[in-house]
Amino acid sequence: SVATLSVKTGERIVFHNDDSVPHNVYSGTPGSEFNIRMQAPGADGFVSFEKPAQVDVRCAFHPTMKMKVIVSTP
């Protein structure tokens, strides 16, 4: 539900599915790719960001669900 999130390198984000349907959180941003895969309701997915970037995050099942993670050095 957050459109933009700022984190420092090395920090971890918890993607918690508090919805009643599955989600698939992923990013194809070069150098910051990840894919949590199918995430059932109530499940948590964890992603760490190791270098500065602006990472576009999407849900493969719901194309209108998106956010930007801004990763900067401490």
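Starting from 1, residues in each chain are numbered consecutively following that chain's sequence as written. In keeping with the predicted nature of the model, local features appear solely for residues at pLDDT of at least 70, side-chain atom pairs appear and are counted solely at 80 or more, and the whole-chain, interface and lining totals rest on all residues. Processing note: side-chain calculations cover all non-hydrogen atoms of the structure and skip hydrogens and water entirely.

Peer 1: So, the nonpolar core: which residues are in play, and what are the values?
Peer 2: Judged by nonpolar contacts, the single largest core of 14 residues is most densely connected at Phe15, Phe34, Phe49, Val55, Val57 and Val69. In this text, helices come from DSSP runs of H or I with a minimum length of four residues, and strands from runs of E with a minimum of two, each type numbered from the N-terminal end. Looking at this core, the elements with two or more residues in it are strand S2 (12–16), strand S4 (34–39), strand S6 (53–59) and strand S7 (66–72). Excluding anything up to four places from it in sequence, Phe49 contacts Val7, Lys8, Thr9, Gly10, Glu11, Ile13, Phe34, Val55, Val69 and Val71. For this analysis, a nonpolar core means a set of buried residues of the types Ala, Val, Leu, Ile, Met, Phe, Trp, Tyr and Cys, connected via side-chain atoms within 4.5 Å. In this scheme, a residue with accessible area under 20% of its type's maximum is buried, one over 50% is exposed, and one in between is partly exposed, where area comes from a 1.4 Å probe on protein chains only. Only heavy atoms matter for contacts: two residues are in contact if any of them lie within 4.5 Å across the pair.

Peer 1: I'd like to hear about the packing of aromatic side chains, residue by residue, with values.
Peer 2: Centre-to-centre distance and the angle between the planes together describe a pair of aromatic rings. The rule is short: rings of Phe, Tyr and Trp, with Trp giving its six-membered ring, pair when the centres are within 6.5 Å, and they are stacked under 30 degrees, edge-to-face over 60, tilted in between. Counted by the stated rule, this structure contains two aromatic pairs. Residues Phe34 and Phe49 carry aromatic rings whose centres are separated by 6.1 Å and whose planes lie at 85° to one another, so their mutual orientation is edge-to-face. Within this pair, whereas Phe34 is found in strand S4, its partner Phe49 is found in the loop between strand S5 (44–48) and S6, the two being separated by 15 residues in sequence.

Peer 1: Can you explain the layout of surface pockets? Please cite residues and give values.
Peer 2: Unfilled space is identified by rolling a water-sized probe across the atoms. The calculated volume of the largest pocket comes to roughly 550 Å³. The wall of the largest pocket is formed by 20 residues, among which Ser1, Phe15, His16, Met65 and Met67 lie closest to the centre. Considering every element that reaches the lining of the largest pocket, the biggest residue donor is S2, with four residues. Note that Gly is not counted as nonpolar here; it falls among the polar residues with everything else outside the nonpolar set of Ala, Val, Leu, Ile, Met, Phe, Trp, Tyr, Cys and Pro and the charged set of Asp, Glu, Lys and Arg. Each residue belonging to the lining of the largest pocket can be placed in one class, and the counts come to eleven nonpolar, five polar and four charged. Think of a 1 Å grid over the protein atoms and nothing else: a 1.4 Å probe that fits but is trapped marks a cavity, an open set flanked by protein within 12 Å on at least five of seven lines marks a pocket, and residues with an atom within 4 Å of a point count as lining. Grid points are joined across faces, edges and corners, and a volume is the space filled by probe spheres set on the points.

Peer 1: Please set out the sheet that holds S6 residue by residue, giving values where relevant.
Peer 2: In this description, strands pair whenever DSSP reports at least two bridges between them. Spatial strand order, S1-S7-S6-S3-S4: five strands in an open sheet with mixed pairing. At either end of the open sheet lies a strand with only one pairing partner, and these are strand S1 (4–8) and S4. Direction aside, neighbouring strands of the sheet carry axes that sit 20° apart on average. Strand direction decides the pairing type here: strand S3 (residues 23–27) and S6, joined by two bridges, are antiparallel. Pairing of Val25 across the sheet is with Cys59, part of S6. Think of each axis as a best-fit line through the C-alpha atoms, taken over the contacting stretch in the case of a helix, with angles from 0 to 180 degrees between the N-to-C directions.

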